[in-house]
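Examining the three-dimensional arrangement
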Amino acid sequence: KLLAVVDENVRGIGDKFGANFTKELKAIATSESKFEAASLTEQVQNKLFEATVPAPHQVWAAATTNPLSVRGVAGGQLMPAFIKNWGDSQVASLVGRIRQGVFEGETNGQILRGIRGTVGGGFREGILGQTYRQSQAMIRTSVQHVSHQARLATLQANDDLVKGYKWLSTLDNRTSEIYQNLSGEVFE
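Described in the following lines is the structure provided in the data block. (Residues numbered from 1 in each chain as written. Predicted model: local features only at pLDDT ≥ 70, side-chain atom pairs only at ≥ 80, totals over all residues. Heavy atoms only, no water.)

On to the packing of helix α3 (residues 79-103) against helix α5 (residues 127-157). Two numbers describe a pair of packed helices, the interaxial angle and the distance between the axes. The contact between α3 and α5 brings their axes to 11 Å, and the two run at 180 degrees. Here α3 lies roughly antiparallel to α5, going by the angle between them. The segment α3 lies against α5, with Met79, Phe82, Ile83, Trp86, Gln90, Ser93, Leu94 and Arg97 engaging Ile127, Thr131, Gln134, Ser135, Met138, Thr141, Ser142, His145 and Val146. A breakdown of the residues in the contact of α3 with α5 according to their chemical character gives 8 nonpolar, 8 polar and 1 charged. (Axes fitted to C-alpha atoms, helices over the stretch in contact; angles between N-to-C directions. Helix = DSSP H or I, 4+ residues; strand = E, 2+ residues; numbered from the N terminus. Parallel < 35°, antiparallel > 145°, perpendicular 65-115°, else oblique. Contact = heavy atoms within 4.5 Å. Nonpolar A, V, L, I, M, F, W, Y, C, P; charged D, E, K, R; others polar.)

Evaluated as defined, the whole model comprises 4 aromatic pairs. Ring centres 5.5 Å apart and planes at 50 degrees place the aromatic pair Phe17 and Trp86 in the tilted group. On the criterion of sequence distance, the pair formed by Phe17 in helix α1 (residues 2-44) and Trp86 in helix α3 is long-range, its members being 69 residues apart. By relative accessible area, which is 16% here, Trp86 ends up buried. For the ring pair Trp167 and Phe187, a centre distance of 6.5 Å and an interplane angle of 65 degrees mean the geometry is edge-to-face. On the criterion of sequence distance, the pair formed by Trp167 in the loop between β1 (165-166) and α6 (177-182) and Phe187 in strand β2 (residues 186-187) is long-range, its members being 20 residues apart. Three or more aromatic residues joined by ring pairs form one cluster here, namely Phe17, Phe21 and Trp86. (Phe/Tyr/Trp six-rings, centres within 6.5 Å; stacked < 30°, edge-to-face > 60°. Buried < 20%, exposed > 50% of the residue type's maximum accessible area, 1.4 Å probe, protein only.)

As a further point, take the pattern of salt bridges. Following the criterion strictly, the structure yields 5 salt bridges and no others. The salt bridge involving Asp88 is made with Arg11; its shortest N-O contact spans 3.1 Å. In this pair, Asp88 is assigned in helix α3 and Arg11 in helix α1, connecting sequence segments 77 residues apart. Relative accessible area serves as the criterion here: at 26%, Asp88 is assigned to the partly exposed category. Residue classification places Arg11 among the partly exposed residues on the basis of a relative accessible area of 31%. (Salt bridge = Lys/Arg side-chain N within 4 Å of Asp/Glu carboxyl O.)

Our next topic: the environment of Gln58. Relative to the assigned elements, Gln58 resides in helix α2 (residues 56-65). Gln58 gets classed as partly exposed once you look at its relative accessible area, which sits at 45%. When the C-alpha positions of Gln58 and Gly76 are compared, they lie 20 Å apart, and in sequence the two are 18 residues distant.

Here it is in structure tokens:
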């Protein structure tokens, strides 16, 4: 019964997070499409030209109907499912750790350390440390996807004027070799 209560409470928190995160992603999509249109207008350098900004619902539709560029188990997911599955996996990890601890006869303190982590481990080895790292990755991936879809939707809204694009990757330790090699390439 206690696990059911924990599950329900954590899912409630996850649902609120998902709703708020989705609202923020919609704002990012709108902002990104406006920024992209302004960049196009600036690049054309013609005072009579102003790039078209796609409607927010068009940008959001693109973000939610085009699959994320994620490799592995999460590959090919649509963003709403990606966010929901992330939340479900976090709940399952937490409830599973509690269930495992009770089954193995651990004390409440031991179970809590398994969830929270330890001072010696910098609180990184517990379920909450894992959740934190996975949250960062999920948020980065979602924001990047929404931004990319907003850029594409804006380019498509102006496709009669745009003849090509140049791929620019952020070159850091998170950038895959594929995207590093694409950086600087020009496409029609």
